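Tertiary structure, described
Spelled out, the chains give:
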Amino acid sequence: MAVILSKVGVKPGMAFRCCDCGETITGQQVLEGEELFIIQVNRENPEASVFRCEPCHAEWVERFYPE
């Protein structure tokens, strides 16, 4: 299961792109509480990791893990 991006180390000017819809979520949005899920970690360049926004993640969970 994916992990929610922590606010630790996030700067307001950072940009994270959703791997599904392409929306860009800023570091400021994350700092203000926007949830962003880490799909694949890039340890050398954390901003280059693969992310999924909350609406896309909710849709993904619903599709692959229906209740």
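Quick summary incoming for the structure in this document.

**What about the pattern of salt bridges?**
- Scanning all chains against the criterion turns up 2 salt bridges.
- For D20, the salt bridge identified is with R52, shortest N-O distance 2.6 Å. Note that D20 is positioned in the loop between β2 (15-17) and β3 (24-26) and R52 in strand β5 (residues 50-53), a separation of 32 residues in sequence.
- Residue D20 is classed as partly exposed on the basis of its relative accessible area of 44%.
- In this structure R52 comes out as buried when scored by relative accessible area, which is 7%.

**Thoughts on the sheet that holds strand β1 (residues 3-4)**
- Spatially, the 3 strands line up as an open sheet ordered β1-β4-β5, and their pairing is antiparallel. Each having just a single partner strand, β1 and β5 make up the two edges of the open sheet.
- In the sheet, strand β4 (residues 36-40) pairs with β5 via 4 bridges, with the strands oriented antiparallel. Each residue of the ladder has a partner; that of I38, found in β5, is F51.
- Packed onto the sheet, helix α2 (residues 54-64) meets β4 and β5 and runs at close to 85° relative to β5.

**Description of the pairing of β4**
- In this sheet, β4 lies alongside β1 in antiparallel orientation, the contact comprising 2 bridges. When the sheet's bridge partners are listed, V3 is paired in β4 with I38.

**Here's the deal with a negative patch on the surface**
- Residues E23, E34, E35 and E54 make up a contiguous surface patch of negative charge.
- Positionally, E23 belongs in the loop between β2 and β3.
- Of the residues examined, E23 reaches a relative accessible area of 37% and is grouped as partly exposed.

**Side note on the packing of aromatic side chains**
- On inspection of all chains with the given rule, the structure shows 3 aromatic pairs.
- Here F16 and F51 contribute two aromatic rings whose centre-to-centre distance is 5.0 Å and whose plane-to-plane angle is 75°, an arrangement assigned as edge-to-face. Placement of F16 in strand β2 and of F51 in strand β5 is noted, with a sequence separation of 35 residues between them. With respect to class, F16 is no different from F51; both count as buried.

Scoring rules and cut-offs
- Residues numbered from 1 in each chain as written.
- Predicted model: local features only at pLDDT ≥ 70, side-chain atom pairs only at ≥ 80, totals over all residues.
- Heavy atoms only, no water.
- Salt bridge = Lys/Arg side-chain N within 4 Å of Asp/Glu carboxyl O.
- Helix = DSSP H or I, 4+ residues; strand = E, 2+ residues; numbered from the N terminus.
- Buried < 20%, exposed > 50% of the residue type's maximum accessible area, 1.4 Å probe, protein only.
- Pairing = 2+ DSSP bridges.
- Contact = heavy atoms within 4.5 Å.
- Axes fitted to C-alpha atoms, helices over the stretch in contact; angles between N-to-C directions.
- Patch = residues over 30% accessible without salt bridge, like charges linked within 9 Å, V, L, I, M, F, W, Y side chains within 5 Å.
- Areas by Shrake-Rupley, 256 points an atom, 1.4 Å probe, with all protein chains shown as cover.
- Lys, Arg positive; Asp, Glu negative; His and termini not counted.
- Charge placed at Lys NZ, Arg CZ, Asp CG, Glu CD.
- Phe/Tyr/Trp six-rings, centres within 6.5 Å; stacked < 30°, edge-to-face > 60°.

Note that all results are geometric; they support no functional claim without further evidence.
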